[in-house]
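Observations on the model geometry
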Amino acid sequence: MNQTTAISTQTAPAPAKAPVKAGGAIAAFAPQTIEEAFRLSQALAGAGDMVPKAFQNRPEMIMAAIMKGSEVGLAPMQALAHIAVVNGRPSLWGDAIPGLVMRAGHHVDVEISGEGEKMVATATLTRGDNGRVIVRTFSMADAKRAGLAGKQGPWQQYPARMLSMRARSFAVRDGAPDALMGLELTEEVQDYGPDRARDVTPATPRRGGVIYRDEPAPQPADEIIEHNADGEVVEGAPTPEQIEAAMAAAKAEAERQARDEDEG
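The notes below deal with the structure included here. What you see is a predicted model, and the numbers here were worked out from it, not measured in a lab. (Residues numbered from 1 in each chain as written. Predicted model: local features only at pLDDT ≥ 70, side-chain atom pairs only at ≥ 80, totals over all residues. Heavy atoms only, no water.)

Next up on the list: the packing of helix 1 (residues 34-45) against helix 2 (residues 59-71). Relative to each other, helix 1 and helix 2 sit at 125°, their axes nearing to 8 Å. In terms of their interaxial angle, helix 1 and helix 2 are classed as oblique. Classified by chirality, the crossing of helix 2 by helix 1 is right-handed. Between helix 1, through I34, A37, F38, L40, S41, Q42, L44 and A45, and helix 2, the contact on the second element is made entirely by P59, I62, M63 and I66. Considered class by class, the residues forming the contact of helix 1 with helix 2 number 10 nonpolar, 2 polar and no charged. (Axes fitted to C-alpha atoms, helices over the stretch in contact; angles between N-to-C directions. Helix = DSSP H or I, 4+ residues; strand = E, 2+ residues; numbered from the N terminus. Parallel < 35°, antiparallel > 145°, perpendicular 65-115°, else oblique. Left-handed = near helix turned anticlockwise from the far one by under 90°. Contact = heavy atoms within 4.5 Å. Nonpolar A, V, L, I, M, F, W, Y, C, P; charged D, E, K, R; others polar.)

Okay, here's the thing in structure tokens:
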């Protein structure tokens, strides 16, 4: 007896699609490992004008900025937008400054009084934890003493704004160091000038001809360069060839004196 198996031609219903929702909280992407941070830095380095020109095609610099920003609570893109390297120092600028202050629970406000040469900016920072009030001022007279008044650029075009930013930076640095965690502010770093630090550690004197552990070993003859007390190369210092010739002559003279003593 033949049995016929019925085959159903009905198709299974398509799974219902999840509805699209909008308006939810969006969190910034933050790398969790060093590998993720470097991959993100490499991607951002090739992102063109989406990142500041100073960071374009420089993944190592981007990674350093991301790490520096994470120390004060900035997301990666926020760090690239608000951390500027000025005179060799990473610094914070723009609206990120009051943003970090308010995130820490503090409040800062700036008022301008006077006009022209008598203009004064007064910044008032109120801490949210203990209510302490820190007031700092910066006047046009201060700007003149610092060589800022009349300086080409924003100091000529927006003097009131520049006074406000300078007074605010003083109040924030003095009253809310917990918000900045040691990160300097661009308004101040711009006036420092290039970093010209040099090693001023005095040389360790030789004692009885013995080289102690804290004294660097002598350089080979072909690397000896004469310096003065300030560490600058002395003009007209002997060349390596001259030093080698002098050493050879001294050796020959010592051998001659030894022979004379033996013969005597």
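A separate point is the sheet that holds strand 2 (residues 89-92). Strand order in the open sheet formed by 3 strands is 1-2-6, and the pairing between neighbours is mixed. Edge positions in the sheet fall to strand 1 (83-86) and strand 6 (184-185), since each has one partner strand and no second. With 2 bridges connecting them, strand 2 and strand 6 associate as parallel partners. Bridge pairing in strand 6 places S91 opposite E184. (Pairing = 2+ DSSP bridges.)

For the rest of this paragraph, the subject is the packing of aromatic side chains. Any aromatic ring pair is given by two values, namely how distant the centres are and how the planes are angled relative to each other. Under the definition given, this model contains 1 aromatic pair. Judged by centre distance (5.7 Å) and plane angle (65°), the ring pair of F138 and F170 falls under edge-to-face. Of this pair, F138 sits in strand 5 (residues 133-139) while F170 sits in helix 7 (residues 159-175), and the two are 32 residues apart along the sequence. The ring centre of F138 lies 5.6 Å from the NZ or CZ of R166, which sits over that ring. (Phe/Tyr/Trp six-rings, centres within 6.5 Å; stacked < 30°, edge-to-face > 60°. Lys NZ or Arg CZ within 6 Å of the ring centre and 35° of its normal.)

This next bit is on unusual backbone geometry. Most of the time, phi is negative for any residue but glycine, and the peptide bond is trans. A positive phi angle is found at N57, which is not glycine, with a value near 60°. Considering the arrangement of structural elements, one finds N57 in the loop between helix 1 and helix 2. Positioned with a positive phi, M181 is a non-glycine residue whose angle comes to about 55°. Here M181 lies in the loop between helix 8 (177-180) and strand 6.

This part covers the pairing of strand 5. In this structure, strand 4 (residues 120-126) lies alongside strand 5, joined through 7 bridges in antiparallel fashion. Bridging from a neighbouring strand, V120 pairs with S139 of strand 5. Turn length for the strand 4-strand 5 hairpin, with the two strands adjacent in sequence and antiparallel, is 6 residues, and the turn residue G131 shows positive phi of about 75°.

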